[in-house]
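Spelled out, the chains give:
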Amino acid sequence: MLKKSFENVRKNCPLIHNITNYVTVNDCANVLIACGASPIMSDDQDEVAEITTICGGLNINIGTLNCRTIGAMLIAGKQANELHHPVVLDPVGAGASRLRTDTAMQLLEEVRFAVIRGNISEIKTLASGSGTTKGVDADVADKVTEENLDDVVAFAKAFAKKTGAVIAITGAIDIVADAENAYCIRNGHPMMSSVSGTGCQLSAMTAAFVTANPDHPLEAAAAAVSVMGYAGEVAYSRLGEMDGNSTYRNYIIDAIYHMTPEMLEKGANYEVR
Amino acid sequence: MLKKSFENVRKNCPLIHNITNYVTVNDCANVLIACGASPIMSDDQDEVAEITTICGGLNINIGTLNCRTIGAMLIAGKQANELHHPVVLDPVGAGASRLRTDTAMQLLEEVRFAVIRGNISEIKTLASGSGTTKGVDADVADKVTEENLDDVVAFAKAFAKKTGAVIAITGAIDIVADAENAYCIRNGHPMMSSVSGTGCQLSAMTAAFVTANPDHPLEAAAAAVSVMGYAGEVAYSRLGEMDGNSTYRNYIIDAIYHMTPEMLEKGANYEVR
Amino acid sequence: MLKKSFENVRKNCPLIHNITNYVTVNDCANVLIACGASPIMSDDQDEVAEITTICGGLNINIGTLNCRTIGAMLIAGKQANELHHPVVLDPVGAGASRLRTDTAMQLLEEVRFAVIRGNISEIKTLASGSGTTKGVDADVADKVTEENLDDVVAFAKAFAKKTGAVIAITGAIDIVADAENAYCIRNGHPMMSSVSGTGCQLSAMTAAFVTANPDHPLEAAAAAVSVMGYAGEVAYSRLGEMDGNSTYRNYIIDAIYHMTPEMLEKGANYEVR
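Residues numbered from 1 in each chain as written. Chains lettered and ligands numbered in written order. Predicted model: local features only at pLDDT ≥ 70, side-chain atom pairs only at ≥ 80, totals over all residues.

**Q** When you look at the relation of the copies chain B and chain A in this model, what are you seeing that I'm missing?
**A** There are two copies of the chain, and a rotation about an axis plus a shift along that axis relates them. Mapping chain B onto chain A is achieved by rotating through 120 degrees and translating by 0.0 Å along the same axis, at an RMSD of 0.0 Å. On this basis, the relationship between the two copies can be described by a three-fold rotation axis. Taking the C-alpha atom as reference, chain B places B:Y22 closest to the rotation axis, 3.6 Å from it. Interface overlap between copies is the fraction of interface residues in one copy that are interface residues in the other; for chain B against chain A it is only 10%, indicating separate surfaces. (Least-squares fit on C-alpha atoms with pLDDT ≥ 70 in both. Contact = placed C-beta atoms within 7 Å.)

Below, the structure is given as structure tokens:
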């Protein structure tokens with residue numbers, strides 16, 4: 001199924017509308033192209049409904065949100081819902097400020113999401129309505145380990161049931177769950193956390209995958225997560241002695257550009273719980 | 001003439017004011033430095049007139065336009081006109097939303113442009129006042145081919161005559177035309193469309209070239225287009241087996257950094273129709 | 001002391017709040033990670049006080065300032081002062097427009113800075129209240145040379161005394177001064193001026209260094225400046241024949257990622273005047 005999901009992205013070249021932060025936006029654009037999709041960025045309230053209409057899917061990322069763009073997120077999200085376009089939410093930093101938590105909660109109330117992707121602290125914040133996220137990285141106290149994995153899987157399934165969205169919690173072990181099933185994915189490399197925006201890139205790609213696979217959001221989101229993680233492994237294996245996080249950032253996108261559905265099938269490392 | 005145009009950029013180091021999108025802005029800054037110019041980005045209505053005044057030329061790009069920056073584009077454009085500084089328009093996504101089309105049309109009415117650079121769908125939108133651009137890429141139905149090239153050349157010359165601007169339509173074949181003559185440029189590589197923002201970079205460079213060559217906007221714009229395309233060829237030839245669109249993005253800018261006017265003269269592949 | 005300063009960054013992993021321009025923001029994020037810190041970007045007036053509160057230090061950069069973000073800079077700066085978090089000011093383009101000069105002057109009046117880092121033209125503008133900065137690069141007339149170094153050192157010490165901030169003037173020779181002592185640092189490579197944003201990156205890193213070394217802002221700022229300059233040398237030594245400013249940009253961040261406090265101690269080239 002992961003292979004088929006990826007094939008559909010390459011075949012359908014979905015056009016993805018991104019309302020995203022200005023920190024990692026260029027990487028989001030290039031990673032969408034690398035996986036076979038096409039990006040458009042637009043965040044003005046006067047055009048987002050139209051832009052979403054010509055696209056196949058929408059990616060909403062609240063990093064560097066502001067009073068002007070929050071309204072655009074709501075307008076675009078509702079329009080996408082009306083057109084039955086899948087919408088992905090990346091609640092960057094939810095829990096780090098009231099504005100971020102409140103915006104994420106309002107989006108959850110007013111927009112139906114196909115996938116919500118974040119780190120464990122961000123997703124816990126959404127589930128409880130408040131949080132203690134330290135910046136944009138997951139809180140150490142929240143860390144997903146082999147020991148608490150079953151608990152996190154149960155939490156993810158419950159939150160998926162409540163929201164109707166696929167829940168993707170990414171970290172050392174990634175969990176992608178709907179109400180019934182959870183992919184536990186063990187791809188990736190610790191050095192990926194040294195590259196700003198791998199999460200943002202993954203959310204953009206996830207929007208492309210669910211757009212190209214409208215009937216299989218769980219498998220599509222799991223495929224996107226596996227692509228990102230496996231690309232992190234491939235890219236790591238290329239690094240020379242003097243290459244650091246900046247070269248790694250380029251090599252991850254390069255790896256996605258060259259990845260085939262067959263390579264993904266061989267490289268993906270997951271179990272379903 | 002292309003060689004001379006490039007020499008003048010390297011010699012004069014023009015300072016270029018950019019009001020551009022936040023997706024590809026870093027590449028615009030680095031490509032301007034690579035070709036010998038100097039960038040400044042500024043988009044607040046309270047300072048753009050002053051910033052344009054200390055610069056030699058202005059590059060207006062409507063990707064990620066918003067209610068705040070549209071006013072800044074108009075103020076800066078008019079001020080540049082008053083000072084006889086060349087202004088370049090990149091109508092990113094014109095035709096994809098009414099806001100983009102209307103903003104581009106308003107800019108055309110209120111500001112005199114030295115060069116308008118876009119893909120064929122964007123330029124057709126400007127010429128007709130409405131369009132069907134799909135996102136930020138050219139519509140397949142609009143594609144420039146050897147078969148319809150004469151028609152597109154005639155269209156570009158007519159639109160150049162109407163606007164008084166040099167018209168640069170970039171794609172597999174690039175057309176750079178004033179009312180009388182059109183450069184048909186066959187540099188570049190198909191993989192350039194896998195890098196987000198090569199068009200934005202080219203518009204920024206075009207502003208530098210016309211600023212350094214105020215009396216020869218046609219040749220200057222053709223030179224900028226040739227530099228970009230030839231850099232795409234040089235960069236492609238460097239790519240290793242695992243290099244994808246992200247490494248390619250870096251190598252294109254690198255190639256411009258190392259390109260000499262002599263190399264351009266040898267590498268440029270064009271005819272005048 | 002430089003070695004110890006760098007060790008403290010790696011050990012304490014300070015979380016840095018950045019209100020910065022959208023041109024070089026991605027590099028600021030990745031350079032903070034490379035040196036051992038953690039970045040968060042946030043510029044909305046409704047959340048900056050909270051974001052600054054969860055961080056250890058604040059970096060204010062006025063490149064691409066606008067009417068919305070200027071208020072956020074003031075709110076965040078005052079909140080950081082209240083919490084005794086160190087604040088760094090990067091007055092990008094002060095002197096190039098009244099808005100930039102006035103904003104920088106207002107920030108100096110209302111916020112207490114631990115470090116002010118800019119090129120010589122920007123710092124002179126702040127010291128005199130007006131300036132003739134040409135764009136975002138230093139004016140040639142202002143250039144720091146071996147001949148006028150003692151004068152510039154005296155100027156930096158006097159401005160440090162007046163503001164209570166460490167003054168970091170970067171260029172071919174870098175000067176980092178408090179009221180009593182000035183580090184004159186001769187690291188770096190001329191090609192660094194071909195990479196957009198090395199100054200912005202340095203300001204972000206400086207915030208990390210002073211946050212991790214609250215009792216030694218002078219040494220911390222000097223260490224950050226040395227790290228940047230020495231990384232420029234290491235990165236330059238890696239460049240192949242076809243590598244230009246874009247690859248150099250990546251290699252500089254890579255070099256910081258791999259730099260150890262021991263390497264810094266050996267590589268730093270400075271005297272105290």
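There is more to say, and it comes next.
**Q** What am I meant to see in the pairing of strand β4 (residues 87–90) of chain A here?
**A** Two faces belong to every sheet, and in a regular strand the side chains alternate between them. All names here are of chain A. Side-chain alternation along β4 places V87 and L89 on one buried face and V88 and D90 on a second face that is also buried. Taken together, the four bridges between strand β3 (residues 57–61) and β4 define a ladder with parallel strand orientation. Looking at β4, one finds that I60 is bridged to L89. Each parallel crossover has a hand, and the one from β3 via helix α4 (residues 67–82) to β4 is right-handed. Between β4 and its parallel partner strand β5 (residues 115–118), the chain crosses via helix α5 (residues 98–110), and the hand of that crossover is right-handed. (Buried ≥ 20, exposed ≤ 12 C-beta atoms within 10 Å, placed from the backbone. Helix = DSSP H or I, 4+ residues; strand = E, 2+ residues; numbered from the N terminus. Pairing = 2+ DSSP bridges. Right-handed = clockwise from strand over helix to strand, strands pointing away.)

**Q** Looking at this model, I keep getting lost on the sheet that holds β5(A). Mind explaining?
**A** Strand pairing in a sheet relies on backbone hydrogen bonds, with the paired strands running either antiparallel or parallel. All names here are of chain A. One open sheet accounts for nine strands, arranged β2-β1-β3-β4-β5-β6-β7-β8-β9; its pairing is mixed. Looking along the sheet, the strands with just one partner apiece sit at the ends: β2 (38–41) and β9 (270–272). Sheet twist, expressed as the mean angle between neighbouring strand axes with direction ignored, is 20 degrees. (Axes fitted to C-alpha atoms, helices over the stretch in contact; angles between N-to-C directions.)

**Q** Where do I start with the relation of the copies chain C and chain A in this structure?
**A** Mapping chain C onto chain A leaves a residual RMSD of 0.0 Å; the transformation is a rotation of 120 degrees accompanied by 0.0 Å of translation along its axis. A different interface surface on each copy is seen, since only 11% of the contact residues of chain C are contact residues in chain A too.

**Q** Can you help me understand the packing of helix α10 (residues 245–258) of chain A against helix α10 (residues 245–258) of chain C in this one?
**A** In a pair of packed helices, the angle between the axes and the distance between the axes together describe the arrangement. The geometry of α10(A) relative to α10(C) is characterised by a closest axis approach of 6 Å and an angle of 125 degrees between their N-to-C directions. One way to sum up the angle between α10(A) and α10(C) is to call them oblique. From α10(A), A:N245, A:S246, A:T247 and A:N250 reach across to α10(C), where they touch C:N250, C:I253, C:D254 and C:Y257. Across the contact of α10(A) with α10(C), the residue classes break down as two nonpolar, five polar and one charged. (Parallel < 35°, antiparallel > 145°, perpendicular 65-115°, else oblique. Nonpolar A, V, L, I, M, F, W, Y, C, P; charged D, E, K, R; others polar.)

**Q** Teacher, can you tell me more about the packing of helix α1 (residues 2–12) of chain B against helix α8 (residues 198–212) of chain B here?
**A** Residue and element names in this part refer to chain B. For the pair α1 and α8, the least separation of the axes is 8 Å and the interaxial angle reads 90 degrees. The pairing of α1 with α8 is recorded here as roughly perpendicular in orientation. Each of S5, N8, V9 and N12 in α1 lies in contact with α8, whose residues at this interface are A208, F209 and A212. Here the residues of the contact of α1 with α8 are counted per class, giving four nonpolar, three polar and no charged.

**Q** Please explain helix α1 (residues 2–12) of chain A as it appears in this structure.
**A** Side chains of residues three or four places apart in an α-helix project in the same direction, reflecting 3.6 residues per turn. Residue and element names in this part refer to chain A. Every buried residue of α1 is listed here: L2, S5, F6, N8 and V9. For α1, the angular spread of buried residues about the axis comes to 155 degrees, placing them on one side. Close packing links the buried residues of α1 with α2 (25–35), α8 (198–212), α9 (217–238) and α11 (261–267). (Arc of directions from axis to C-beta.)

**Q** Hey, could you run me through α9(A) in this one?
**A** In this model α9(A) runs 32 Å from its N-terminal to its C-terminal C-alpha over 22 residues, within 8% of the 32 Å that 1.5 Å per residue would give. Most of α9(A) is tucked away, with 18 of its 22 residues classed as buried. (Expected span 1.5 Å × (residues − 1).)

**Q** Would you explain unusual backbone geometry in this entry?
**A** Trans is the common state for peptide bonds, and a negative phi is the common state for residues other than glycine. Residues and elements named next belong to chain A. Of note, the phi angle at H84 is positive, near 60 degrees, even though the residue is not glycine. Within the secondary structure layout, H84 lies in the loop between α4 and β4. You can call H84 exposed: it has 8 C-beta atoms within 10 Å.

**Q** It is not clear to me how the pairing of strand β6 (residues 166–169) of chain C should be interpreted in this structure. Could you clarify?
**A** Residue and element names in this part refer to chain C. Across the two faces of β6 the burial is the same, with V166 and A168 and I167 and I169 all buried. As paired elements, strand β5 (residues 115–118) and β6 share four bridges and run parallel to each other. Each bridged residue has a counterpart across the sheet, and for V115 the counterpart in β6 is V166. In terms of strand pairing, β6 meets strand β7 (residues 174–177) through three bridges, oriented antiparallel. In the sheet register, I167 faces β7, and the bridge partner there is A177. Once β6 ends, the chain turns through four residues before running back antiparallel as β7.

**Q** Please explain the interface of chain C and chain A as it appears in this structure.
**A** Interfaces are often described in size by the accessible area the parts lose on coming together. At the junction of the two partners, chain C supplies 27 residues and chain A supplies 29 residues. Counting residues per element, the ones that place at least two in the side of chain C that touches chain A are α2 (25–35), β2 (38–41), α3 (48–54) and α10 of chain C. The element that contributes the greatest number of residues to the side of chain C that touches chain A is α2(C), accounting for six residues. A class-by-class count of the residues in the side of chain C that touches chain A yields 13 nonpolar, six polar and eight charged.

Everything listed here is a matter of coordinates, which is why it stays silent on function.
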